[in-house]
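# Survey of secondary and tertiary structure
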Amino acid sequence: MTNDCLFCKIIKGEIPSNKIYEDDYAYAFLDINPSTEGHTLIIPKKHYKNITDIPAEDLSNFMQSLQKVAKGLLQFGNGLNIIQNNGETAGQLVFHLHFHLIPRREADGVSIGHWESKKNLDMNKIQENIKSLLNQ
Ligand code: 5GP
Ligand code: ZN
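Residues numbered from 1 in each chain as written. Chains lettered and ligands numbered in written order. Predicted model: local features only at pLDDT ≥ 70, side-chain atom pairs only at ≥ 80, totals over all residues. Heavy atoms only, no water.

## Describing the side chain of H98
You can see H98 is positioned in the loop between β4 (79-83) and β5 (99-104). By relative accessible area, H98 is classed as buried at 5%. Leave out the neighbours within four places in its chain, and H98 touches F7, L41, I42, I43, I83, Q84 and Q92. (Helix = DSSP H or I, 4+ residues; strand = E, 2+ residues; numbered from the N terminus. Buried < 20%, exposed > 50% of the residue type's maximum accessible area, 1.4 Å probe, protein only. Contact = heavy atoms within 4.5 Å.)

Spelled out as structure tokens, the structure:
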């Protein structure tokens, strides 16, 4: 927990939220600016900034909670997008690790996961660069 973190305050009940699920590892609540009906945020109970911050065991426990909530939301809609932003460049606004669970329905007008593909990239060079970073 950190005192100045919005999501830590939500977990502690200092800021109200529409909670849909809570266990020892995770807290899930409706996003205040929903992209679809049921747009949910799920956060670990402990404060971590992003996906690289959380220890493997905590992540494993948290993911089991996430899967439980995802199962419910998949029935609430008839599709589900899961999005997790890391860093300002990627659109992260709140620096407490969170996953967006976005229930989808036919013709809901939301566009997620579609992009214009980049042409003429040097795939072999990119592959080698990324592989060397993973081996650090
Ligand atoms: P990010 O852009 O960091 O991935 O997403 C942050 C999300 O938190 C946004 O979708 C935003 O609507 C949501 N959010 C920000 N403040 C609050 C709040 O006080 N309550 C709730 N329920 N959601 C919030
Ligand atoms: Zn926090």
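Continuing now.
## A few points about unusual backbone geometry
Here the phi dihedral of A107 falls at roughly 50°; this positive angle occurs in a residue that is not glycine. When you line up the elements, A107 lands in the loop between β5 and α3 (123-134). The exposure class of A107 is exposed, given its relative accessible area of 85%. The backbone of N120 shows a phi angle near 60°, a positive value even though the residue is not glycine. Its location among the elements puts N120 in the loop between β5 and α3.

## Quick look at the coordination of the zinc ion (ligand 2)
In the first shell of the zinc ion (ligand 2), the protein supplies C5 (SG), C8 (SG), H47 (ND1) and H96 (ND1), at 2.1 to 2.3 Å from the metal. For the zinc ion (ligand 2), the single-chain donor residues occur in sequence as C-x2-C-x38-H-x48-H. With H47 in the loop between β3 (40-44) and α2 (56-76) and H96 in the loop between β4 and β5, the pair connects residues that are 49 residues apart, well separated along the chain. Of the residues examined, H47 reaches a relative accessible area of 24% and is grouped as partly exposed. (Donors = N, O, S within 2.8 Å, 3.2 Å for Na, K, Ca; no water.)

## Concerning the packing of aromatic side chains
Applying the stated criterion to the full structure yields three aromatic pairs. Centre to centre, the rings of Y27 and F29 are 5.8 Å apart; their planes meet at 55°, and the pair counts as tilted. You can call Y27 buried: its relative accessible area is 6%. Consider the rings of F62 and F99, whose centres lie 5.7 Å apart with planes at 45°: the pair is tilted. In this pair, F62 is assigned in helix α2 and F99 in strand β5, connecting sequence segments 37 residues apart. Judged by relative accessible area, F62 falls into the buried class, the value being 1%. (Phe/Tyr/Trp six-rings, centres within 6.5 Å; stacked < 30°, edge-to-face > 60°.)

## Focus on the sheet that holds β4
Ordered by their spatial adjacency, five strands build an open sheet running β1-β2-β3-β5-β4, and the pairing between neighbours is antiparallel. Each end of this open sheet is capped by a strand with a single partner; those strands are β1 (19-22) and β4. The mean angle between the axes of side-by-side strands here comes to 20°, regardless of whether they run parallel or antiparallel. Bridging between β1 and strand β2 (residues 26-30) involves three bridges; their strand directions are antiparallel. Within β2, the residue paired with K19 across the bridge is F29. This element, α2, spans β1, β2, β3, β4 and β5 of the sheet and lies at about 20° to β5. (Pairing = 2+ DSSP bridges. Axes fitted to C-alpha atoms, helices over the stretch in contact; angles between N-to-C directions.)

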